[in-house]
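# Summary of the model geometry
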Amino acid sequence: MIDQPLTPREKEVLSLVWQGFTTRDIAKRLHRSFNTIAMHRRHILKKLGATSTAQALVVARERQLIADK
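Described in the following lines is the structure provided in the data block. Predicted, not measured: the structure shown is a model, and the values here were computed from it.

Evaluated as defined, the whole model comprises 2 salt bridges. Between Arg 9 and Glu 12 there is a salt bridge, with the nearest N and O atoms lying 2.8 Å from each other. Of this pair, Arg 9 and Glu 12 both sit in helix H1 (residues 8–18), 3 residues apart, which is roughly one turn of that helix. According to the relative accessible area criterion, Arg 9 is partly exposed, its value standing at 24%.

See the structure below:
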């Protein structure tokens, strides 16, 4: 899955993670289940080739997928 483009929803979730929202917060905000958001986060990690959220955020910043807060 590495180097596949993120879906619009994955980009939205990534942006919210960057803003400091938890998986539970994001689920409530987007009216989705906790498990759905957790799945999006797993896909984001795989697609960015990251093993942690912190690493995913670094990669996303390098690729200009997320903007400054």
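To continue, consider the environment of Val 13. Within the secondary structure, Val 13 sits in helix H1. In this structure Val 13 comes out as buried when scored by relative accessible area, which is 0%. For the pair Val 13 and Thr 23, spaced 10 residues apart in sequence, the C-alpha to C-alpha distance is 8.8 Å. Once residues within four sequence positions are removed from consideration, Val 13 is found in contact with Ile 26, Leu 30, Ile 37, His 40, Arg 41 and Ile 44.

Reading the values: the criteria
Residues numbered from 1 in each chain as written. Predicted model: local features only at pLDDT ≥ 70, side-chain atom pairs only at ≥ 80, totals over all residues. Heavy atoms only, no water. Salt bridge = Lys/Arg side-chain N within 4 Å of Asp/Glu carboxyl O. Helix = DSSP H or I, 4+ residues; strand = E, 2+ residues; numbered from the N terminus. Buried < 20%, exposed > 50% of the residue type's maximum accessible area, 1.4 Å probe, protein only. Contact = heavy atoms within 4.5 Å.

Nothing here speaks to function; it is geometry throughout.
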